[in-house]
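Coordinates in review
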Amino acid sequence: MDLRIFTEPQQGATYETLLTVAKATEDLGFDAFFRSDHYLRMGSADGLPGPTDAWITLAGLARETKRIRLGTLMTAGTFRLPGVLAIQVAQVDQMSGGRVELGLGAGWFEEEHKAYGIPFPKEKFARLEEQLAIVTGLWATEAGKTFDFHGTYYDLTESPALPKPAQRKIPVLIGGHGATRTPRLAARYADEFNIPFASIEDSERQFGRVRAAAAEAGREADELTYSNALVICVGRDDQEVARRAAAIGREVDELKANGLAGSPAEVVDKIGRYAEIGSRRIYLQFLDLGDLDHLELISSQVQSQLS
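This text gives an overview of the structure that appears in the document.

Rules of the game
- Residues numbered from 1 in each chain as written.
- Predicted model: local features only at pLDDT ≥ 70, side-chain atom pairs only at ≥ 80, totals over all residues.
- Heavy atoms only, no water.
- Salt bridge = Lys/Arg side-chain N within 4 Å of Asp/Glu carboxyl O.
- Helix = DSSP H or I, 4+ residues; strand = E, 2+ residues; numbered from the N terminus.
- Buried < 20%, exposed > 50% of the residue type's maximum accessible area, 1.4 Å probe, protein only.
- Axes fitted to C-alpha atoms, helices over the stretch in contact; angles between N-to-C directions.
- Parallel < 35°, antiparallel > 145°, perpendicular 65-115°, else oblique.
- Left-handed = near helix turned anticlockwise from the far one by under 90°.
- Contact = heavy atoms within 4.5 Å.
- Nonpolar A, V, L, I, M, F, W, Y, C, P; charged D, E, K, R; others polar.

1. Some words on the pattern of salt bridges
This structure, assessed with the given rule, holds 24 salt bridges. Residue Asp 31 is joined to Arg 4 by a salt bridge in which the shortest nitrogen-to-oxygen separation is 2.6 Å. Here Asp 31 is found in the loop between helix H1 (15-27) and strand E2 (32-35), whereas its partner Arg 4 is found in strand E1 (residues 2-7), with 27 residues between them in sequence. Between Arg 205 and Asp 202 there is a salt bridge whose closest N-O contact spans 2.6 Å. On the criterion of helical spacing, the pair formed by Arg 205 and Asp 202 is a turn pair, its members being 3 residues apart in helix H7 (residues 200-216). The exposure class of Arg 205 is partly exposed, given its relative accessible area of 45%. Classification of Asp 202 as partly exposed rests on a relative accessible area of 37%. One continuous salt-bridge network, built from bridges that share partners, spans Arg 236, Glu 240, Arg 243, Arg 244, Asp 291 and Asp 293.

2. Here we look at the packing of helix H3 (residues 82-96) against helix H5 (residues 124-140)
In the contact formed by H3 and H5, the axes pass within 9 Å of each other and the chain directions differ by 45°. Taken together, the axes of H3 and H5 are oblique relative to one another. The crossing of H3 and H5 is right-handed. Contacts from Pro 82, Gly 83, Leu 85, Ala 86, Val 89 and Ala 90 of H3 reach H5 at Gln 131, Ile 134, Val 135, Leu 138 and Trp 139. Residues that form the contact of H3 with H5 fall into these classes: 9 nonpolar, 2 polar and no charged.

Right under this line is the structure:
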């Protein structure tokens, strides 16, 4: 089971804070550092000092880390034109020496679009399908040849399809709870399918849909990696768990029901139950970015038991 650290910087973080967490992620042996792609805080957080851009952040981290994978859960398709996104991600992949992964979603948070003047189209999912075709098509185009795409929303003519990533193929993540279109899209374009904040039962059901869609598309279901994103709140005793839950504005019982919370043994046991239904990777939603002792505890008492 791979454990990856997943941050939500729109809730309030500077680049320096994210760099500190990313370096701790690397030093403590985690597999990857991922971040959300949002420009507006959610809930009661103050969001100060303001948002950071996902791909600018990852470009900086690409030069200041050496081992960990870097990526997004999920880049919002509404934020960037697909041709531009393909250039950005390929460049960051080069800067990292081939350690980048792209999670791409349709975009959903209308308020952040209003706040920053970003168009929020009605046909987001159909646009996402074209975006995936363009981004992956540009990267896959043989050097020296051109790429053309003529869709409903995007039109590319004789693109040189440059630059190329450092990796032969940048892994693409697709995720969500949709019962029909999401599994179909994952079966066609994804290297990994991620379901965020879902129970074991709901995860198993959605993984089954993706497996069925992959088979229908002529792919081996096990070609895809299946993963979960879950909030993390671990403590050495009940008091430490309660303190960490309060720091992120959550209740312990709710966290235990909907995430990974409690003692290291409790968390290891629950991760094991996700593994039983086919999950091979967990993105730990790490919300209190100043609590590096929390990361150390997860590394020494949880990750060590899953190796």
